[in-house]
Every structure is written in structure tokens, then in C-alpha cells.
Amino acid sequence: EEQPGSVAPTALDEPHRKVKRLAEPEEEDTSGEGTQIKRRTHKTMTLIDLNSFLKALKFVPDMLTVEEVPEIFDSVVNGTPHLQMAINDATMCLSQLLQALTSCALIMYSRPPYSSKYATREEKVLATMERVEVTYYSLFNKFMPLEPKPT
């Protein structure tokens, strides 16, 4: 029996696979004819992707409710009044993902028991990014690359 805020052991299996697939670097694949094909990588994130990502980080449902995720997504992708679109049709880019993570941080770490330990905005954002890095390491057994790859 699950307690409120707990996650069933298998609930994160699919999001982990999806996060791994989204985060894996682009690879070149050489077919038998000698042509090179680059595997498609995702450069945008949908509401479903964001929800899976936040579940993989164990932010949802432990620190954020499922209902808060669409609100955060909408506030980021529809931040420009003249570019409004339905959240089910919208996607966010990397800079918007960082805005969404910042919003998540300010919401999650403003609640007890975290609010007393993480008093400033900076502490809340750093705690969130630390959790992202720890999850990345647990998935890939390596640290997040901080330098862009040479092109």
C-alpha cells in the first residue's frame, strides 16, 4: 500500500528510460551502404516530457503535485502574451526548461520542511540543480558535461 507522496517502485521505470533517451548524446550510425545517419535527438520538451522528467527527479509527486506541473509549463511557454498556445500543443526549449526548473525550485523549497533550510532564492535553485546532477549521475554513472562539445 502506497502512502501519500510515495512512489511505487516501478512508477519511474518508463520516465527513466525516456530521460536517458532524451539526454543521450547524438550518435552517428553508419549503414551498410556507407552513408552516415545522425540519430534524431530531441531539442524541445512537451508537457508530457516535463512531467516525466520531474518524476525521474522525484520532484513529482514528492515535492510538487501533478496539478502544478501544467501550471508551471504554461507559465513558461506562454510567458509572451502575443505567442499564446494550448499547452498540449506547446514545446519548451532548453532555456525555458531552466526557467521551469527555477519555478519548481521556488515552489518546492518554499514549503516545509525545506523552507527553513533553504531561505534564499539562490539556495532553492542550487538545491534543485544539485538534485538534477545527482539524478544524472545515478542514471549514467558519470557527471554532467559542463563544456559544450567541439563542433
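Residues numbered from 1 in each chain as written. Predicted model: local features only at pLDDT ≥ 70, side-chain atom pairs only at ≥ 80, totals over all residues. Heavy atoms only, no water.

## With respect to the packing of aromatic side chains
- If you walk through the whole model with that rule in mind, you get four aromatic pairs.
- Here the aromatic rings of Y109 and Y118 are separated by 4.8 Å at their centres, their planes lie at 70°, and the arrangement is edge-to-face. By the burial criterion, Y109 is buried, and Y118 matches it.
- Between the aromatic rings of Y137 and F143, the centroid separation amounts to 4.9 Å while the plane-to-plane angle is 35°, which identifies the pairing as tilted.
- Aromatic ring contacts, followed pair by pair, group Y109, Y114 and Y118 into a single cluster. (Phe/Tyr/Trp six-rings, centres within 6.5 Å; stacked < 30°, edge-to-face > 60°. Buried < 20%, exposed > 50% of the residue type's maximum accessible area, 1.4 Å probe, protein only.)

## Structural notes on the packing of helix 3 (residues 68-77) against helix 4 (residues 94-108)
- At their nearest, the axes of helix 3 and helix 4 sit 9 Å apart, and the two run at 135° to each other. With respect to each other, helix 3 and helix 4 are oriented oblique. The chirality of how helix 3 crosses helix 4 is right-handed. Taking contact as the criterion, the partners of E68, I72, V76 and V77 in helix 3 are, on helix 4, Q96, Q99, A100, S103, C104 and I107.
- For the contact of helix 3 with helix 4, the class distribution of residues is six nonpolar, three polar and one charged. (Axes fitted to C-alpha atoms, helices over the stretch in contact; angles between N-to-C directions. Helix = DSSP H or I, 4+ residues; strand = E, 2+ residues; numbered from the N terminus. Parallel < 35°, antiparallel > 145°, perpendicular 65-115°, else oblique. Left-handed = near helix turned anticlockwise from the far one by under 90°. Contact = heavy atoms within 4.5 Å. Nonpolar A, V, L, I, M, F, W, Y, C, P; charged D, E, K, R; others polar.)

## Observations regarding a nonpolar patch on the surface
- A contiguous nonpolar patch, built from L94, L98 and M129 and spanning about 270 Å² of accessible area, is present on the exposed surface.
- With respect to the element layout, M129 can be found in helix 6 (residues 121-140).
- M129 sits in the partly exposed class, given a relative accessible area of 32%. (Patch = residues over 30% accessible without salt bridge, like charges linked within 9 Å, V, L, I, M, F, W, Y side chains within 5 Å. Areas by Shrake-Rupley, 256 points an atom, 1.4 Å probe, with all protein chains shown as cover. Salt bridge = Lys/Arg side-chain N within 4 Å of Asp/Glu carboxyl O.)

## Some details on the pattern of salt bridges
- Going through the model one piece at a time under the given rule, you end up with one salt bridge.
- Here E68 makes a salt bridge to R111, at a shortest N to O gap of 2.2 Å. Residue E68 is located in helix 3, and its partner R111 is located in the loop between helix 4 and helix 5 (114-117); the two are separated by 43 residues in the primary sequence.
- R111 gets classed as partly exposed once you look at its relative accessible area, which sits at 29%.

## Some details on the confidence of the model for the chain
- Within the chain, residue pLDDT values average 77, and 72% of them lie at 70 or more.
- Mean pLDDT across the elements of the chain ranges from a minimum in helix 1 (residues 13-23), with 45, to a maximum in helix 3, with 94.
- Note on residues 1-27: pLDDT under 50 across the span, and 38 contacts to partners over four residues away in sequence or across chains. (pLDDT = per-residue confidence, 0-100.)

## Structural notes on helix 6
- Helix length check: helix 6 (20 residues) gives 29 Å between terminal C-alpha atoms against 28 Å at 1.5 Å per residue, within 8%.
- Of the positions making up helix 6, those classed as buried are K124, A127, T128, V132, T135, Y136, L139 and F140. (Expected span 1.5 Å × (residues − 1).)

## So, the environment of V69
- By the element assignment, V69 lies in helix 3.
- Excluding residues that lie within four positions of it along the chain, V69 makes contacts with L47, L50, N51, L54 and V60.

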